Amino acid sequence: MGTITLRALSALLHYPDEALRAAVSEIRRVLLREQIVSEKQMLRLEPLLFRLTGGDLISLQEHYVETFDRGRTHSLHLFEHVHGESRDRGQAMVDLRDRYIAAGLDPASNELPDYLPLFLEYCSTLPRNEALAELAEPGTIIATLAGRLESRGSDYAGLLAILRDLSGGQSVAPEDMVAVEDPDDLEALDAAWEEEQITFGAMAPTAPDAAASCPQVQAMVSRMLEPATPPSSPRSL
């Protein structure tokens with residue numbers, strides 16, 4: 001697929017730093033060149049690109065933390081929305097990290113495997129049909145995050161909307177969503193996803209893999225123009 005496109009979108013979802021700011025122009029060129037992202041979607045992405053290049057870095061970082069790290073409502077850790085802090089999340093982490101390794105992606109930083117930017121980089125290593133199939137697994141989570149960010153008026157809403165469109169995900173009905181003002185209450189959303197039979201691979205309880213991680217933005221950006229290496233053998237989910 002547009003493997004470079006997925007890497008570019010992944011980079012934009014990372015904690016902003018000088019390396020990301022410096023890469024925004026190249027990211028824009030990549031997205032326009034590959035045309036996986038439509039013109040309409042690019043217009044929705046522009047507020048974020050503008051903010052990343054023109055805003056005060058400290059303010060950008062504070063905004064990122066306020067948006068994604070304070071509470072679970074907008075968390076970029078996918079399994080928090082499915083398993084919370086239950087033991088099931090541990091085995092899900094192990095299984096997902098095994099997928100990464102099988103695809104030739106060796107996580108190398110401090111993030112857990114369910115961190116959405118890392119998951120996007122993993123998808124970028126796969127052929128287009130496989131990448132879309134993998135992205136569809138957490139499609140409901142992505143779509144619901146997009147809806148929440150839109151209701152908040154966040155600059156990141158356009159980016160999540162692009163991922164929602166690529167994944168084909170449908171958001172949870174508003175009456176079933178956890179209120180944005182109550183970021184620690186996941187029961188309603190968990191119940192809604194369970195009712196919709198949302199799955200993310202086969203999972204079973206075990207202890208979390210605390211060593212799992214994700215690549216740094218600067219290294220990711222430097223690889224954006226490199227061709228992806230597909231898995232050497234079929235993956236078993």
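An account of the accompanying structure is given in this report. (Residues numbered from 1 in each chain as written. Predicted model: local features only at pLDDT ≥ 70, side-chain atom pairs only at ≥ 80, totals over all residues. Heavy atoms only, no water.)

Some thoughts on the nonpolar core
Working step 1: Judged by nonpolar contacts, the single largest core of 53 residues is most densely connected at L13, L45, L116, F119, Y156 and L160.
Working step 2: Setting aside residues up to four positions removed in sequence, L13 forms contacts with Y64, F68, L76, Y115, L116, P117, L120, Y156, L159, L160 and L163. (Core = buried A, V, L, I, M, F, W, Y, C linked by side-chain atoms within 4.5 Å. Buried < 20%, exposed > 50% of the residue type's maximum accessible area, 1.4 Å probe, protein only. Contact = heavy atoms within 4.5 Å.)

With respect to the pattern of salt bridges
Working step 1: By the definition in use, this model includes 10 salt bridges.
Working step 2: Between E134 and R99 there is a salt bridge, with its nearest N and O atoms 2.6 Å apart. Within this pair, whereas E134 is found in helix α8 (residues 128-136), its partner R99 is found in helix α6 (residues 88-102), the two being separated by 35 residues in sequence. When sorted by exposure, E134 lands in the same class as R99, which is buried.
Working step 3: For R99, the salt bridge identified is with E137, shortest N-O distance 3.3 Å. Taken together, the positions of R99 in helix α6 and E137 in the loop between α8 and α9 (139-152) put the pair 38 residues apart, joining distant regions of the chain.
Working step 4: Several salt bridges share partner residues, and in doing so they unite R44, E150, R164 and D165 into one network. (Salt bridge = Lys/Arg side-chain N within 4 Å of Asp/Glu carboxyl O. Helix = DSSP H or I, 4+ residues; strand = E, 2+ residues; numbered from the N terminus.)

Description of the packing of α9 against helix α10 (residues 157-167)
Working step 1: The geometry of α9 relative to α10 is characterised by a closest axis approach of 8 Å and an angle of 150° between their N-to-C directions. The angle between the axes of α9 and α10 places the two elements in the roughly antiparallel class. By crossing handedness, the relation of α9 to α10 is classed as left-handed. Between α9 and α10, the contacting residues are G139, I142, A143, L145, A146, L149 and E150 on the first element and A157, L160, A161, L163, R164 and S167 on the second.
Working step 2: Among the residues making up the contact of α9 with α10, the classes are represented as 9 nonpolar, 2 polar and 2 charged. (Axes fitted to C-alpha atoms, helices over the stretch in contact; angles between N-to-C directions. Parallel < 35°, antiparallel > 145°, perpendicular 65-115°, else oblique. Left-handed = near helix turned anticlockwise from the far one by under 90°. Nonpolar A, V, L, I, M, F, W, Y, C, P; charged D, E, K, R; others polar.)

Don't take any of this as a statement about function, it's just geometry.
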